[in-house]
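Observations on the three-dimensional arrangement
One letter stands for each residue in the lines below.
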Amino acid sequence: MSHKPAKNGFVFLVGAGPGDPGLITVKGLECIGRANVIIYDYLAHNGLLTHAPPDAELIYAGKIGGAHNHEQRQINDLLVNKAQQGNIVVRLKGGDPFVFGRGGEECEALVAAGVPFEIVPGITAGVAAPAYAGIPLTHRNFSTSVAFVTGHESHGKEASGIDWEKLSMGTGTLVFYMGMKNLPHIVENLMVHGRSPETPVALVRWGTRPEQEVLVGTLADIADKSRRAAFKPPAVTIIGEVVNLREKLRWFDNRPLFGKGILVTRAAEQAGQFSHLLEGHGGRVFECPSVSIIPPESYDELDQAISSLHCFNWLIFTSFNGVKHFFHRLHALKFDSRALALCRVCAVGPKTRAALAVYGIRADLVPADYKSEGVVEAFKSLNLRGKTALFPRADRARDVIPSGLCNLGMEVCAPIVYRNVIPEDMPHDVLEALENKRIHCAAFTSSSTVENLSSMVGDNRLLHLLGGVRIASIGPITSKACRELGLKVDIEPAEHTVEALTKEIVSCFAQSPLLI
Ligand code: SAH
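Residues numbered from 1 in each chain as written. Predicted model: local features only at pLDDT ≥ 70, side-chain atom pairs only at ≥ 80, totals over all residues. Heavy atoms only, no water.

1. Regarding the state of the cysteines
- Tallying each qualifying case throughout the model produces zero disulfides.
- The structure places no disulfide on Cys346, whose sulfur is separated from the nearest cysteine sulfur, that of Cys343, by 12 Å. (Disulfide = S-S within 2.5 Å.)

As structure tokens, this is what we get:
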């Protein structure tokens, strides 16, 4: 054999899926996680690269607007060379690597060079984009077959490798890739060869992504409609009776927050749940950690309190993090939940109550009003003179509970259980989205989230960046902090939870979707 043997190098040809980063396979993601070199395309979602090892070499091989043979050969050579240097190479391609992705050619180059490889299929755009547009490719009543066709070839009808007659006469669904430029020729060819001009057609651009666009028409008018709408690639063209089902089955791009960018600022450890709620309604979430949580400077005061837990009548928690870090320390000191046996426990609201339940503790008291003032109010009806309370708190917590309970005659011990620090920078993508006005709503879940954001970017810049952005605040204290920074609060739920905040954001955009 004439080719050089690879020194344990290996190539994974991985399908990245159509765009929504959640649509890569488990195996594909594992490959990314162990790659030394990743060669990725324009259509592969950039977010997937965050799963690469920090020292992996990332090479952009994107070919906007179609590949030239010359470039393709360079990519083939790069794959072979990187593998022969002993690397684990991931070739990350949009959709599926073997569907119009020139994966076949890359694979041939690997075989020729004797480089071992594996193919990890992906969800191809021709399947995913129709799904996210609410168009089933087959349906018992309308279509029993589907053809994936390149839209790249139809310039000279004579030279075309496509059998237009067969394609046109069948009743199955047609899906054209790379067909935007040639759309007028494609529809013309199909009609000339016998497909009815009334046949429904849908164009789906950036399918599965938050910026998905869909245009529906017929063979007779879609080319004109697309020209007038200046509809651009990348898009698939779906042709067939099944397109009509979109009216009934549309689910993705009609959700109330679809197309809306929402800035979520909160402690990094907590962001997931709120973001998922918003994404569930179609929102495009930009997460900006405005707080990082770190341990207290010293555990002395907390440790002392934990060692004498039996002396406290009440244990009060006002946050998920308070609970989490308190129990973390309790366990570090080799205690468990039984150490709380003699205390009654108060949780400020349902989230904190749920956090306690994880440790087997049922809260004895949850105030009607889920905030510190509510806790003090709830304690008023109890006879607490001479009683003691332990209130593990954050370093910058307000004094409402300690002073309020002291006024009721209680003795309160309030050791610091965690500290909030402000991260130095805003993530680059968030800043860029704010500057380009792709964020329509900023949601704040505590006064510190808005205050910290302001210290991250500066007060004046904050007002500038959030100009025209709807401000959503979880409750009156957060709203006050917003106003003090010069922000006008548009959304504030009656119940101070992220669920209620999500609901208010949804109804605000549903009522006046055009005011964005
Ligand atoms: N291997 C890819 C296809 C690459 S060819 C796959 O399996 O999906 C590039 C063409 O794919 C584009 O011109 C467009 O027609 C289609 N395409 C890729 N991603 C798309 C998306 N998110 N939405 C709509 N079409 C897409």
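Moving on, there is more to tell.
2. What to know about a nonpolar patch on the surface
- Taken together, Phe100, Ile123, Val127, Val146, Phe148 and Met178 make up a surface patch of nonpolar side chains, about 440 Å² in accessible area.
- Structurally, Phe100 is set in the loop between β4 (88-93) and α3 (103-113).
- Looking at Phe100, the relative accessible area reads 35%, which means it is partly exposed. (Patch = residues over 30% accessible without salt bridge, like charges linked within 9 Å, V, L, I, M, F, W, Y side chains within 5 Å. Areas by Shrake-Rupley, 256 points an atom, 1.4 Å probe, with all protein chains shown as cover. Salt bridge = Lys/Arg side-chain N within 4 Å of Asp/Glu carboxyl O. Helix = DSSP H or I, 4+ residues; strand = E, 2+ residues; numbered from the N terminus. Buried < 20%, exposed > 50% of the residue type's maximum accessible area, 1.4 Å probe, protein only.)

3. Re the site of the ligand
- Around the ligand sit 17 residues in total, of which Asp96, Val99, Thr124, Gly207 and Ala235 are the nearest.
- The backbone of Gly94 places a nitrogen or oxygen atom 2.9 Å from a nitrogen atom of the ligand.
- Between Asp96 and the ligand, the recorded distance is 2.8 Å, taken from a backbone N or O atom to an oxygen atom.
- With the chains in place, 93% of the 540 Å² that the ligand exposes on its own is no longer accessible.
- Split into classes, the residues belonging to the shell around the ligand amount to 12 nonpolar, four polar and one charged.
- Formed jointly, the shell around the ligand draws a minimum of three residues from each of two domains, domain 1 (10-122) and domain 2 (127-249). (Near = heavy atom within 4 Å. Polar contact = N/O pair within 3.5 Å; in protein donor to acceptor, adjacent residues only side chain to side chain. Nonpolar A, V, L, I, M, F, W, Y, C, P; charged D, E, K, R; others polar. Domains from an automatic or database assignment.)

4. Focus on helix α10 (residues 300-307)
- Of all the residues in α10, the buried ones are Leu302, Asp303, Ala305 and Ile306. Buried residues along α10 cover an arc of 160° about the axis, so they all sit on one side. Exposed positions of α10 whose direction lies more than 90 degrees from the buried face are Asp300 and Gln304.
- Tucked inside the fold, the buried residues of α10 contact α11 (320-332), β15 (388-390), β17 (411-413) and β18 (416-421). (Arc of directions from axis to C-beta. Contact = heavy atoms within 4.5 Å.)

5. Some points on the packing of α11 against helix α12 (residues 350-357)
- At a minimum axis distance of 8 Å, the contact between α11 and α12 shows a crossing angle of 20°. As summarised for this structure, α11 and α12 are arranged roughly parallel, according to the angle between their axes. For the pair α11 and α12, the sense of crossing is right-handed. The segment α11 lies against α12, with Phe320, Val323 and Phe327 engaging Thr352, Ala355 and Leu356.
- Of the residues contributing to the contact of α11 with α12, the split by class is five nonpolar, one polar and no charged. (Axes fitted to C-alpha atoms, helices over the stretch in contact; angles between N-to-C directions. Parallel < 35°, antiparallel > 145°, perpendicular 65-115°, else oblique. Left-handed = near helix turned anticlockwise from the far one by under 90°.)

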